[in-house]
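Fold and geometry: a report
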Amino acid sequence: MQTEANSPIPRLIHQTWKTRDVPPELQVLQRSWTGRNPGFVYRFWTDDDIGRFVAEEHPELLPVFRGYADPIARIDLARYLILRRFGGVYADLDFECLRPIDGLLEGRSFVVGQEPEEHGRLAKAAERGLPRILCPSFLASVPGHPFWDHLLARLVEARHCGDVLDATGPFLLTRAHAAYEGARYEDGPAAVTVLPPELLYPVTKDDCWSGRLFDPVFWERATREAYAVHYWEGTWFRGAAERGAGLGAGPGAGLPRQVAAVVTDGRPEGDRPTLAHSPITGAEGQPLISCLMVTRGRGGLLKFAIEGFARQTYPNRELVVVCDSPALPQDDPLERAIRDAECPNIRLIRVEVASPSGSQPSSLTLGELRNIAVDQAAGRYVCQWDDDDLYDPCRLEMQQRVLAAAGAQACLLGRWMIWWPAEDRLVVSPERDWEGSLLCEKAAMPRYPALRRGEDTPVVKQLRRSARVVRMDLPRLYTYVIHGGNTFTAPHFEVHWQTATARFDGGRCRAVLEEMGKRLPVEAYRRAVVPVPAVPVPATAAARQDRVLVLTPVKDAVAHLPRYLELLGRLDHDPSRLSLGFLEGDSRDGTHDWLTARLPELRERYRRVTLLRHDHGFRPEGPRWAPAIQRRRREVLARSRNRLLSGALGDEDWVLWLDADLVDYPPDLAARLLAAGRDIVVPHCVLPDGRTFDLNSFRLEGETEDPRHLADGIFQPPRGAGRRYLGDFPGEEAVPLHGVGGTALLVRADLHREGLCFPPYSHRGYIETEGLAAMARDMGVTAWGLPGLRIVHADH
């Protein structure tokens, strides 16, 4: 097995299961490893494969292998032997990969992760005096790493231990590492790298088994720095009824054991019966719930609401659809959506009410249509089911459980999710009665007033005065979507953004939505409502789909390039109109070889790809931002940019300069930069914590710089001295700038053709990208910044 020049660990992923019939909930996690790491070879091992491998490669260990009473002990031994022989990465099937793992492997020969600190306080670990536990669920190594022989010797000695944790599992691994002579080395061929819990094991067993991961706020915080997350399924020691609690993929998985709820009772004291209520756990005796959907029947989103009903885990339910529009003569979208759902318990009721003159139908109010739906309901309970929102498969089940446990007549959500698909924004709403989530006894339901909007608010207010109401806190059950055709307008929903209990935008929004997408059709819904880039693009730019050349100088960039290509692949600009250009120089990590190996696949996807190489012999010691080396560092970077530009620019309309170590930007980055309508424009580049990173993009507070800040012929003022950065202009759409940075810099290609370059010398006191902005001013061109368009740079 050949290895990458930059890392001794082979790009090979191993996973195992009893047979090739992997459970569906684990298949989702299995695909995350191949999907996030496209450059890796994937090898799957069954129990039969493992048995043959041990017999052929390690016959001397067959007595030990076959002597284990517990099958998981044999799998533990097998993973060690597989990595000893082939190297690569091993990951349990209940592990989900969240981002490319190249960054974990670079420059390392053996990688293992530490379990959460809480696990060291569990009984078995405490009894053995093991406050820190190493976990074998994720392992990576070179073939033949010396730690394997050390571990196998300890394993043979411990083969008679009664507890598999001591015989082959985490406790054995932890003790072996503590006794390993190479453990004291931080690098080198014999070193073992122990990663902190937040990178591989960001959540505990209890977090998973209690259903805490169902909380999107907790999930986002826990996984913010993680490359992967282990769900602690424990298929080897937990029964089938216990498993699945940590997984988000299956409809019945990941539900919390406890739900916060508040009960109020508006009934007079004498009308409040004393009852002992408990959650309903079985299908027997579950009352019929009538879900009530009122629709005009024309929207393309109602299919998602109907599919959401069909996927509900609560068995005794019906969907009553009330539509006041006549059916289309051919292929009516509402009737098609009902057929496609293949759910027998859906009833469609078309309401046609003649106007007083009888000439045409009159439009009933939303409140009147809701009353018709309530009257048609056959269930003991009715549940509002709007036609343009997304519903978790367990919405009915969980609301009914809480309602029954509280002995209530009505149940509401106190918070729900609100999603702006076109803007990459998602929130957990502020706390209040969310009327659209109402589940209520039909007998207790007040009549809806004849209002065209806001009709459900009086109903909930009346229930508060007349019924026992429970408000539960499980926001993920309901996702309210802002799609532009809602009853209320944008300013109404902007208030919810500002007052939300948790906000996610950009990359973190996409991460949470991907997690929610295991249970909801998030991407399909997004495609239905966002057919064009989130920010309106001028018709001329949209029609042209201008040819864009993306240029990136690279040096020692292998750790960043997988993410670089992943983000580039997400750009919504037509890849047939995107060209790429790289110039590699002075690398020590095999960057050129890494890119060379990927040229065929890149050239298959993009219009044109150029890879150049030029060494400047510049390898400074110490931090790259040290003032003493700025002149030389930026001179080299300017020469690299100019050489790359001259060697890669063809017939493109625009040049987009991108840093290799960006960690996040929106898919519509190019569209939004083009939409600005400027010849030179940059976004606001920030660090992961939100602080402004790009200090080269600035606007002077006065007319000139302070000459005292001139060093080596270029201005190098302290941060903020006479300069304002893009973070200082919140709310402004575009800001004229005196200097620009190169993290993401869009330049009209004709300007480069007319001589605009990156001066490798001091031009009016500026060099490289700042010098480009100064040179552009000499040409009569102003550079602009977009404070509201954020991209994220690695913090190093």
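Residues numbered from 1 in each chain as written. Predicted model: local features only at pLDDT ≥ 70, side-chain atom pairs only at ≥ 80, totals over all residues. Heavy atoms only, no water.

**Section: empty space enclosed by the protein**
For the record, the criterion: Lining residues are those with an atom within 4 Å of a point, where the points come from a 1 Å grid over the protein atoms alone and group into cavities, where a 1.4 Å probe fits but cannot get out, or pockets, open sets with protein on both sides within 12 Å along at least five of seven lines. Grid points are joined across faces, edges and corners, and a volume is the space filled by probe spheres set on the points. We count a stretch as a helix when DSSP gives it H or I for four or more residues in a row; a strand needs E for two or more, and each element gets its number in order from the N terminus. In the scheme used here, Gly and all other residues not listed as nonpolar or charged are polar, with Ala, Val, Leu, Ile, Met, Phe, Trp, Tyr, Cys and Pro taken as nonpolar and Asp, Glu, Lys and Arg as charged.
All told, the structure shown has three cavities of 30 Å³ or more when counted by the stated rule. A volume near 80 Å³ is recorded for the largest cavity. Looking at the largest cavity, the residues that line it are Leu292, Val294, Arg370, Ala373, Val382, Cys383, Gln384, Leu438, Met445 and Tyr448. Residue assignment for the lining of the largest cavity shows that the elements contributing at least two residues are strand 10 (289-295), helix 15 (366-376) and strand 13 (381-384). It is strand 13 that provides the largest number of residues to the lining of the largest cavity, a total of three residues. Residues belonging to the lining of the largest cavity are distributed by class as follows: eight nonpolar, one polar and one charged.

**Details of a negative patch on the surface**
Defined as follows: For patch building, the residue pool is restricted to those with more than 30% relative accessible area and no salt bridge; the joining distance is 9 Å between like charges and 5 Å between nonpolar side chains (Val, Leu, Ile, Met, Phe, Trp, Tyr). Using the Shrake-Rupley algorithm and a 1.4 Å probe, accessible areas are obtained, with residue cover drawn only from the displayed protein chains. What makes a salt bridge here is a side-chain nitrogen of Lys or Arg within 4 Å of a carboxyl oxygen of Asp or Glu, nothing more. Charged residues are defined here as Lys and Arg on the positive side and Asp and Glu on the negative side; His and the ends of the chain fall outside this count. A single reference atom marks each charge: NZ on Lys, CZ on Arg, CG on Asp, CD on Glu.
Together, Glu117, Glu118, Glu198 and Glu225 give the surface a local cluster of negative charge. Take Glu198: it is sitting in helix 10 (residues 197-200).

**Some details on the sheet that holds strand 18 (residues 434-441)**
Formally: Two strands form a pair only when DSSP identifies at least two bridges running between them. In this description, a line fitted to the C-alpha atoms serves as the axis of each element, helices being fitted only across the stretch in contact, and the angle between N-to-C directions of two axes falls anywhere from 0 to 180 degrees.
One open sheet accounts for eight strands, arranged 9-19-15-18-13-10-11-12; its pairing is mixed. Whereas interior strands pair on both sides, the edge strands pair on one side only; in this sheet they are strand 9 (261-265) and strand 12 (346-350). Direction aside, the axes of adjacent strands within the sheet are offset by 20° on average. The pairing of strand 15 (residues 410-413) with strand 18 spans three bridges and is antiparallel. Bridge pairing links Ala410 to Cys440 in strand 18.

**So, the sheet that holds strand 20 (residues 478-481)**
Strand order in this open sheet of five strands is 14-20-16-17-21, and the pairing throughout is mixed. The sheet terminates laterally at strand 14 (390-391) and strand 21 (502-505), the two strands that pair on one side only.

**Quick word on helix 19 (residues 506-516)**
Heads up, the condition is: A simple rule labels every residue: compare its accessible area, found with a 1.4 Å probe on the protein chains alone, to the largest value its type can have, and call it buried under 20%, exposed over 50%, or partly exposed in between.
With eight of 11 residues buried, helix 19 lies mostly within the body of the structure. Among the residues of helix 19, Gly507, Cys509, Arg510, Ala511, Val512, Leu513, Glu515 and Met516 are the ones counted as buried.

**A closer look at the environment of Ala153**
Relative to the assigned elements, Ala153 resides in helix 7 (residues 146-157). Remark: the alpha-carbon pair of Ala153 and Ala176, spanning 23 residues in sequence, is separated by 9.2 Å.

**Some details on helix 17 (residues 456-466)**
Short version of the rule: What the arc describes is the spread of directions from the helix axis to the C-beta atoms. Whether two residues are in contact is decided by their heavy atoms: any pair within 4.5 Å suffices.
Inspection of helix 17 places Asp456, Val459, Val460 and Leu463 among the buried residues, and these make up the whole buried set. Buried residues of helix 17, seen end-on, are gathered within an arc of 95° and therefore sit on one face of the element. Turned more than 90 degrees away from the buried face of helix 17 sit Lys461 and Arg465, all of them exposed. Summarising the contacts, the buried residues of helix 17 are in contact with strand 13, strand 15, strand 18 and strand 19 (468-472).

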